[in-house]
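Residue-level listing of the chains:
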Amino acid sequence: MFGRWLAGLAVAGVACGAPGTARPVAAQSQSPAHAATGEFKPPTPSDRHRQDSTLDNLVHPDGYMTAPLGSLGQVVPGGEGDTPVILVAGLGFGARVFARLIDDHAEDHRFLAVSLAGYGGSSAPPMPPAGTSYGERTWLASAQSGLARLIDGEGLDRPIVVAFYSDAANVVTRLAAERPDLVGGVLILSAAARFPLPPEAGDRAPAMDRFARQWFRTVTEVMWPSGMFTPDFYANERDVAERAWWEVLEPTLPVSIRYTVETWADDLVPVLGDVTVPFKVLSPGFDESFLEGQNGELVRTRMHGGWDAAIGAGARIEHSVVSGARFLIWHDRPEAVSEALEELVATRESIPP
């Protein structure tokens, strides 16, 4: 996320070159901060639109209705098959982002599509006390415990867990590493194992704490969309890509910021060495013309580099780059996702409980 925030990192002193019926867990739905207006092109704000010293995006706005820690945003069932599959959406998306994937496999699997609390129109947890480091993973750990409770509560036998994007991947990866008894296999789609930082940035969590105070706290809603991935990162089909771009903007700024900075403050590379369940990663490969210049550098360092580093350090995971696919791989190359999912299901069935 936030392909253009790299310049902001330097400014901040961190130099860095659906099917089924929804079952909201958090009862109070929040209004989206943004809505489509017909103007599709991301804004290019002037300097006066970048920061507003009167803002504090690190806390919820007055009157925001929160959900308890440990809540999930939504759990949307779908499919009629026997194998349990949990789909976890990140990047601001709600569970409905998986509608096509569920439709493609409705006869084979029983799906539960999950929104993180604060996504998909749901309520987010309370903000942690002032001064809490983003490295504490307060919200990510909350989602992790909620996911564990979902598996237990639904009586699921070692489901395959699919995560889309880095915040969801963080939750699922740590759950698989810490509770392998709950997970039959993991499929990660379009995510980073770690946000790349140069050595001069210092320790990861303190660097992100500084970055949040100096940049994210006062960034404006005019500036925010200009720092997002542009729509052509999401899908080859223009209408799918445009809808995805708008959906990412639905959560409030404080919600998006909290998940983003907690994810950036963590590093999954050492965690992946502890993973023992079958674990596959599919990264978007785009096409040669798209990956020319800055786009290619961003994709390779952000999306590919961490997984390859973990494999080089001995992690027992598989990482594949899917050519011709953008972030929503199940839209652009559905057969690649189907193959990975079915391989995980077959492996799960061959291993005694």
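Keep in mind that this is a model prediction, so the values were computed, not measured.

Engineer: Explain the nonpolar core here, please?
Structural biologist: One recurring pattern in soluble globular proteins is that nonpolar side chains are buried together. Counting 67 residues, the largest nonpolar core has L87, F93, F98, F164, F216, Y234 and W330 as the members making the most contacts within it. Contact partners of W330, with chain neighbours within four places excluded, come to V97, F98, R100, L101, F164, L189 and V337. In terms of nonpolar packing, the next biggest core, distinct from the first, is built from 49 residues, W139, V171, V183 and W307 among them.

Engineer: Explain unusual backbone geometry to me, please; I cannot follow it from the model alone.
Structural biologist: What you tend to see is this: most non-glycine residues have negative phi, and most peptide bonds are trans. Look at R158: it is not a glycine, yet its phi comes out positive at around 45 degrees. Looking at R158, the relative accessible area reads 15%, which means it is buried. Although it is not a glycine, S190 sits at a positive phi angle of roughly 50 degrees. Looking at S190, the relative accessible area reads 0%, which means it is buried.

Engineer: Before we go on, may I ask you to explain the pairing of strand β8 (residues 318-323) in this structure?
Structural biologist: Each regular strand carries side chains that alternate between the two faces of the sheet. Bridging between strand β7 (residues 279-286) and β8 involves six bridges; their strand directions are parallel. By the bridge assignment for β8, P284 is matched with V322. In this fold, β7 hands off to helix α10 (residues 294-312), which returns the chain to β8; that crossover is right-handed.

Engineer: Would you explain helix α8 (residues 253-264) in this entry?
Structural biologist: In this model, α8 (12 residues) spans 16 Å end to end at C-alpha, consistent with the 16 Å of a helix rising 1.5 Å per residue. Counting buried positions over the 12 residues of α8 gives 12, a clear majority of the element. Listed as buried for α8 are L253, P254, V255, S256, I257, R258, Y259, T260, V261, E262, T263 and W264. Considering only its buried residues, α8 is in contact with α3 (138-153), α4 (166-178), α5 (204-214) and α6 (223-226).

Engineer: I would appreciate a short explanation of the pattern of salt bridges in the present structure.
Structural biologist: This model, assessed by the stated rule, comprises 18 salt bridges. Across the pair D157 and R348 runs a salt bridge, and its minimum N-O distance is 3.8 Å. Here D157 is found in the loop between α3 and β5 (160-164), whereas its partner R348 is found in helix α12 (residues 334-350), with 191 residues between them in sequence. Residue classification places D157 among the partly exposed residues on the basis of a relative accessible area of 40%. R348 gets classed as buried once you look at its relative accessible area, which sits at 9%. Linking R238 and E242 is a salt bridge whose minimum nitrogen-to-oxygen distance equals 2.6 Å. Of this pair, R238 and E242 are both found in helix α7 (residues 238-248), four residues apart, which corresponds to roughly one turn of the helix. If you follow the salt bridges from partner to partner, you end up with R137, R174, E178 and D266 in one network.

Engineer: Is there a simple way to explain the packing of α3 against α4 in this structure?
Structural biologist: Geometry of a packed helix pair, given as the angle between the helix axes and the separation of the axes. Between α3 and α4, whose axes approach to 9 Å, the crossing angle comes to 60 degrees. Between α3 and α4, the angle falls in the class oblique. Crossing angle aside, the handedness with which α3 passes α4 is right-handed. Contacts between α3 and α4 involve L140, A143, Q144, L147, A148 and I151 from the first element and D167, N170, V171, V172, R174, L175 and E178 from the second. Grouping the constituent residues of the contact of α3 with α4 by class yields eight nonpolar, two polar and three charged.

Engineer: Can you walk me through the packing of α3 against α8 in this structure?
Structural biologist: Contact geometry for α3 and α8: axes closest at 8 Å, N-to-C directions at 90 degrees. With respect to each other, α3 and α8 are oriented roughly perpendicular. Across the interface between the two elements, T138, W139 and L140 of α3 pack against V255, R258, Y259, E262 and T263 of α8. Per-class residue counts for the contact of α3 with α8 are four nonpolar, two polar and two charged.

Engineer: Where do I start with the packing of aromatic side chains in this structure?
Structural biologist: Aromatic rings considered in pairs are described by the distance between their centres and by the relative angle of their planes. What the rule picks out here adds up to 24 aromatic pairs. Residues F233 and F286 carry aromatic rings whose centres are separated by 5.8 Å and whose planes lie at 80 degrees to one another, so their mutual orientation is edge-to-face. Of this pair, F233 sits in the loop between α6 and α7 while F286 sits in strand β7; the two residues are 53 residues apart in sequence, bridging distant segments of the chain. Note on accessibility: F233 and F286 belong to one class, buried.

Thresholds, definitions, all that
- Residues numbered from 1 in each chain as written.
- Predicted model: local features only at pLDDT ≥ 70, side-chain atom pairs only at ≥ 80, totals over all residues.
- Heavy atoms only, no water.
- Core = buried A, V, L, I, M, F, W, Y, C linked by side-chain atoms within 4.5 Å.
- Buried < 20%, exposed > 50% of the residue type's maximum accessible area, 1.4 Å probe, protein only.
- Contact = heavy atoms within 4.5 Å.
- Pairing = 2+ DSSP bridges.
- Helix = DSSP H or I, 4+ residues; strand = E, 2+ residues; numbered from the N terminus.
- Right-handed = clockwise from strand over helix to strand, strands pointing away.
- Expected span 1.5 Å × (residues − 1).
- Salt bridge = Lys/Arg side-chain N within 4 Å of Asp/Glu carboxyl O.
- Axes fitted to C-alpha atoms, helices over the stretch in contact; angles between N-to-C directions.
- Parallel < 35°, antiparallel > 145°, perpendicular 65-115°, else oblique.
- Left-handed = near helix turned anticlockwise from the far one by under 90°.
- Nonpolar A, V, L, I, M, F, W, Y, C, P; charged D, E, K, R; others polar.
- Phe/Tyr/Trp six-rings, centres within 6.5 Å; stacked < 30°, edge-to-face > 60°.

So far we have only geometry, and geometry alone does not tell us how the molecule works.
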